[in-house]
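# Coordinate analysis (summary)
One-letter residues, chain by chain:
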Amino acid sequence: MKSVLRAGVVLSAAAGLGVALVPAASADPVQTVGYTSEDGAWPLVGSAQYAAPGDEIAVWERDGVLKIDVQSGLKDLRVELSAPAGETLHTGTYTGARFRGQSDPALTTPGIFVVSGNFGCGDPYADFTIDRLDADGVDVTFVQRCGSPDGPATRGEVHFHA
């Protein structure tokens, strides 16, 4: 099952069944992505707040990976989160997340991939919490440190209710 949440619609495709448009249930869409990085954090530097409709925000799941994309003028951001091998993402807190590239197989730990401007961290130490994960929306917070478990942190959050 693949789901894409974008600007008020949920696109669902089941194997062999095609694509169906399903109106979102929420009357008040919320589509924000933000982060704040400590000095020396990487690859996200400083802080940023993105919000639709001015910024394009897309959230979807594919092959067990939750993907969040932001396009804002010439700036871009992607966050990918995955459960440990053999598990599916669900609400809850995931600790000890490690790098999982876009085409890498599932890991024994939760996976994380954060990239902005074609730069990412190849050695992340991260935790993330999924407070909501359903057809109508996603609420996620994460903390990532690049290079060591006690390095400078980036704290981010995603709120996407179509």
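What comes next is a walk through the structure. Just so it is clear, the structure is predicted and the values come from calculations on it, not from any experiment.

### Regarding unusual backbone geometry
- The omega angle of the peptide bond from Trp-42 to Pro-43 is 0 degrees, so this bond is cis rather than trans.
- Along the chain, Pro-43 turns up in the loop between β4 (30–37) and β5 (47–51).
- Residue Ala-52 is joined to Pro-53 through a cis peptide bond whose omega torsion reads 15 degrees.
- Among the secondary structure elements, Pro-53 is positioned in the loop between β5 and β6 (56–62).
- The backbone phi angle of Asp-63 is positive, close to 55 degrees, even though this residue is not glycine.
- Mapping Asp-63 onto the fold places it in the loop between β6 and β7 (65–72).
- Asp-63 sits in the exposed class, given a relative accessible area of 66%.
- The backbone of Asn-118 sits at a positive phi, close to 70 degrees, despite the residue not being glycine.
- Here Asn-118 shows up in the loop between β10 (111–116) and β11 (119–120).
- Assessed through its relative accessible area of 75%, Asn-118 is described here as exposed.

The rules behind the values
- Residues numbered from 1 in each chain as written.
- Predicted model: local features only at pLDDT ≥ 70, side-chain atom pairs only at ≥ 80, totals over all residues.
- Heavy atoms only, no water.
- Helix = DSSP H or I, 4+ residues; strand = E, 2+ residues; numbered from the N terminus.
- Buried < 20%, exposed > 50% of the residue type's maximum accessible area, 1.4 Å probe, protein only.

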